[in-house]
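# Analysis of the macromolecular model
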Amino acid sequence: MTARIRPDLESIPAYTPGRSNPGAVKLASNETTFGPLPTVAKAIAEAAELVNRYPDNGAGELRAAVARFHDVDIANVAVGCGSVALCQELVQITCAASTDEVLFAWRSFEAYPIVTQVGNARAVQVPLTDSYAHDFDAMAAAISEHTKLIFVCNPNNPTGTAYGRTEIERFLDAVPDHILVVLDEAYYEYLRVEDHPDGIEIGRGRPNVLVLRTFSKAYGLAGLRVGYAVGDPEVITALLKVHIPFSVNRLAQAAAVASLEAREELLDRTDKLIAERNRIREALQTAGYTVPPSEANFLWLPLGDRSVAYAEASADAGVLLRPYANDGVRVTAGDPHENDLFLAFATDPAVLARFLG
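An unreviewed UniProt entry lists the protein chain under the name Aromatic amino acid aminotransferase, with Nocardia pseudobrasiliensis as the source organism. Checking UniProt for the protein chain, the heading Sequence similarities (unreviewed entry) contains the comment "Belongs to the class-II pyridoxal-phosphate-dependent aminotransferase family." Quoted straight from UniProt, the Subunit (unreviewed entry) entry for the protein chain says "Homodimer."

Let's shift gears to the overall build of the protein chain. A count of helices and strands for the protein chain gives 13 helices and twelve strands. Principal axes of the C-alpha set define a box for the protein chain whose edges measure 60 × 55 × 50 Å. For the protein chain, the proportion of its 357 residues judged to be buried stands at 54%. Looking at the protein chain as shown, the accessible area adds up to about 15800 Å², and 52% of this sits on carbon and sulfur atoms.

Glancing now at the nonpolar core. Here is a general trend for soluble globular proteins: nonpolar side chains tend to be buried in one another's company. Ile150, Leu284, Leu301, Tyr310 and Phe342 are the most contacted members of the largest nonpolar core, which totals 85 residues. Each of domain 1 (18-33 + 262-352) and domain 2 (38-261) accounts for three or more of the residues forming this core.

Our next topic: the domain arrangement of the protein chain. A common way to state how big an interface is: give the accessible area lost once the parts meet. Under the domain assignment used here, the protein chain contains domain 1 (18-33 + 262-352) and domain 2 (38-261). A straight line from the C-alpha centre of domain 1 to that of domain 2 covers 25 Å. In this complex, domain 1 contributes 27 residues to the contact, which on the side of domain 2 involves 28 residues. Around 2400 Å² of area is buried between domain 1 and domain 2 when both sides are counted, 59% of it from carbon and sulfur atoms. Counting the surface domain 1 buries against domain 2, the share from its top three residues, Ala262, Arg263 and Glu295, is 28%.

Okay, the packing of aromatic side chains next. For the coordinates displayed, the defined rule picks out 14 aromatic pairs. With a centroid separation of 4.7 Å and 35° between ring planes, the pair formed by Phe136 and Tyr163 is classed as tilted. In this pair, Phe136 is assigned in helix H5 (residues 136-142) and Tyr163 in the loop between strand E5 (147-153) and helix H6 (165-174), connecting sequence segments 27 residues apart. The same class applies to Phe136 and to Tyr163, which are both buried. A ring pair is formed by Tyr289 and Tyr310, whose centres lie 6.2 Å apart and whose planes are at 80°; its orientation type is edge-to-face. Of the two residues, Tyr289 is situated in the loop between helix H10 (263-287) and strand E9 (298-301) and Tyr310 in helix H11 (residues 307-316); the sequence distance between them amounts to 21 residues. Aromatic ring contacts, followed pair by pair, group Phe104, Trp106, Phe109, Tyr112 and Phe151 into a single cluster. Over the face of the ring belonging to Tyr188 we find Arg213, whose NZ or CZ atom lies 3.7 Å from the ring centre. Looking at Arg330, its charged tip hangs above the ring of Phe298, at a distance of 5.8 Å from the centre.

Okay, the UniProt feature "domain: Aminotransferase class I/classII large" (unreviewed entry) in the protein chain next. Mapped onto the present numbering, the UniProt feature "domain: Aminotransferase class I/classII large" (unreviewed entry) falls on residues 25-340. Within the segment residues 25-340, helix and strand shares are 40% and 17% respectively, and the terminal C-alpha atoms sit 11 Å apart.

The next point concerns the pairing of strand E4 (residues 122-127). Pairing of strand E3 (residues 101-106) with E4 involves six bridges; the strand directions are parallel. Within the sheet, the bridge partner assigned to Glu101 lies in E4 and is Arg122. Regarding the hand of the β-α-β motif, the stretch spanning E3, helix H4 (residues 111-118) and E4 is right-handed.

If you walk through the whole model with that rule in mind, you get 16 salt bridges. Residue Asp8 is joined to Arg6 by a salt bridge in which the shortest nitrogen-to-oxygen separation is 2.7 Å. When its relative accessible area of 32% is taken as the criterion, Arg6 is described as partly exposed. It is possible to trace a salt-bridge network through shared partners that takes in Asp137, Glu167 and Arg170.

Below, the discussion takes up the sheet that holds strand E6 (residues 180-184). Pairing within the open sheet is mixed, and its seven strands lie in the order E2-E8-E7-E6-E5-E3-E4. The sheet is open, and its two borders are formed by strand E2 (77-80) and E4, each paired with just one other strand. Geometrically, the sheet is characterised by an average inter-axis angle of 25° between neighbouring strands, direction not taken into account. The pairing of strand E7 (residues 209-214) with strand E8 (residues 227-230) spans four bridges and is classified as antiparallel. Paired with Thr214 across the strands is Gly227, a residue of E8. Against the sheet, helix H2 (residues 60-70) engages E2, E7 and E8, with an angle of about 130° to E2. In the packing of helix H8 (residues 233-242) onto the sheet, the strands contacted are E2, E6, E7 and E8, and the crossing angle to E2 comes to about 30°.

Turning our eyes to something else, we now look at the side chain of Thr161. Summarising the element assignment, Thr161 is placed in the loop between E5 and H6. The class for Thr161 is buried, based on a relative accessible area of 10%. A polar contact of 3.0 Å, which involves the side chain of Thr161, links it to the side chain of Thr159.

Basis of the calculations
Residues numbered from 1 in each chain as written. Predicted model: local features only at pLDDT ≥ 70, side-chain atom pairs only at ≥ 80, totals over all residues. Heavy atoms only, no water. UniProt positions renumbered as here; feature names shortened; annotations may be inferred. Helix = DSSP H or I, 4+ residues; strand = E, 2+ residues; numbered from the N terminus. Buried < 20%, exposed > 50% of the residue type's maximum accessible area, 1.4 Å probe, protein only. Areas by Shrake-Rupley, 256 points an atom, 1.4 Å probe, with all protein chains shown as cover. Core = buried A, V, L, I, M, F, W, Y, C linked by side-chain atoms within 4.5 Å. Domains from an automatic or database assignment. Contact = heavy atoms within 4.5 Å. Buried area = accessible area lost by both parts, 1.4 Å probe. Phe/Tyr/Trp six-rings, centres within 6.5 Å; stacked < 30°, edge-to-face > 60°. Lys NZ or Arg CZ within 6 Å of the ring centre and 35° of its normal. Pairing = 2+ DSSP bridges. Right-handed = clockwise from strand over helix to strand, strands pointing away. Salt bridge = Lys/Arg side-chain N within 4 Å of Asp/Glu carboxyl O. Axes fitted to C-alpha atoms, helices over the stretch in contact; angles between N-to-C directions. Polar contact = N/O pair within 3.5 Å; in protein donor to acceptor, adjacent residues only side chain to side chain.

Printed below as a string of structure tokens:
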């Protein structure tokens, strides 16, 4: 007799990462192509000498560094094994019954419905607007007596769309105070909108707002898995209670602290990437593609039911992209030569005739 497991797990899809293939250009996972700065690499090497010892389970040095960086108390900071781990822990601390609801836009971060179902809660998905952005009015209207948690991905993954501070605050004003709103800012460092939406500043004085950030994207530490949350101390205390012990490893903690200290140098890189992202978008638009404005390190091609076939054709040409069922394809901005290889495929007359004709 086999062990009994939750029967509903059969319906939970496994998280699908961007494809990898030796020899192919990978523009599928929103990774940065830049490696760690020398000071960060040095911190990783020094930490590696102590991997026979457990890491600090409380991540005290890292939490203190994040607190100083954002001018908050350490009691306002939690860390996790990437911000996605914090997403799942947030469902755990807010949802106790199968009738409890987690609300988010769709399409948005692929992990939201997964962590919701793992947490035995109910996902409420609100379609994006025609411009591939969150529909805040519809999201506010979808709030019910069962709503416990709301995810707002800004900039949104995978469409790259983003709202400024005014629109986000307007939405927050419409949410009852007892519902936790998570501003997922994984791509915050790429934001260049005029009405700059710094979630941590927006959240000051709003105890029901929590902000997620990550070191996986602009900081280039995707392989080490470390993210953090900034929020009300009561929410942070609850997160610490469901935190998996030692899940943020020693190397990740050391690298994150060193990255914050070198932040200005690290984030200079984002300007170069944004220039590449804009170059790709302009070339695609000139070729006839619909490409919404992006405030992240990727672009969205709303190709509908042609999405999977498009990504397969691109893979055959040596460039791996990320298709999303019948919605669209996400293209990460890589190094210039990688982007040129993608554009050579995307603007090929045969490809244009097949997918845009």
